[in-house]
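# Working through the structure, step by step
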Amino acid sequence: MTHNEIDLQPIMKSIYDVFAAFDKDQSETLELSELMNLLRACNINVSKSECEVILHEMDSNNDGVMDFGEFMSFLGMIYKIRFSKRTKLKDEFQRKLKSRQSSNKSVLRKVSQNKGPRPSPPPRKSSVVQTSTKTR
């Protein structure tokens, strides 16, 4: 690994460990009850019907469960809404949400705007990248 690369393996492993901890039947997917338990553990209180909407919206292969890839997409969607300081990106994303059926997307918006503890955003690139020093 060079001085300007970031090793994402530990981060991905941590996210997968959380996913797997709530996958009680070890199916490598989250069923409705498992997803509800995960969201509640994150202080995201949603009703069963709201969780069904989330699962339906994020279930890209229509198998009725959320696999790890779909879970990562869900986290990415939440990140875009909650942490984007780029007004253009945030406005564009909000516009896309409004252009779809508002009832389903409002549930996803509710989850992303939850008042529970917010995870820290990733460090800025400038604070992560190490500079190499040459010695002579």
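Heads up: these notes are all about the structure in this document. None of the values given here were measured: they were computed from a predicted structure. (Residues numbered from 1 in each chain as written. Predicted model: local features only at pLDDT ≥ 70, side-chain atom pairs only at ≥ 80, totals over all residues. Heavy atoms only, no water.)

## Regarding the packing of aromatic side chains
Between two aromatic rings, the relevant description is the distance of the centres plus the angle of the planes. In the structure shown here, the tally under the stated rule is five aromatic pairs. Where tyrosine 16 meets phenylalanine 68, the ring centres are 5.1 Å apart and the plane angle is 75 degrees; that geometry is what we call edge-to-face. Here tyrosine 16 is found in helix H1 (residues 9-22), whereas its partner phenylalanine 68 is found in helix H4 (residues 68-83), with 52 residues between them in sequence. Taking relative accessible area as the criterion, tyrosine 16 reaches 32% and is therefore assigned partly exposed. (Phe/Tyr/Trp six-rings, centres within 6.5 Å; stacked < 30°, edge-to-face > 60°. Helix = DSSP H or I, 4+ residues; strand = E, 2+ residues; numbered from the N terminus. Buried < 20%, exposed > 50% of the residue type's maximum accessible area, 1.4 Å probe, protein only.)

## Focus on the pattern of salt bridges
What the rule picks out here adds up to one salt bridge. Between aspartate 17 and lysine 13 there is a salt bridge, and its shortest N-O distance comes to 2.9 Å. Separated by four residues within a single helix, aspartate 17 and lysine 13 lie in helix H1, roughly one turn from each other. Using a relative accessible area of 37% as the deciding quantity, one classes aspartate 17 as partly exposed. Overall, lysine 13 belongs to the exposed group, its relative accessible area being 52%. (Salt bridge = Lys/Arg side-chain N within 4 Å of Asp/Glu carboxyl O.)

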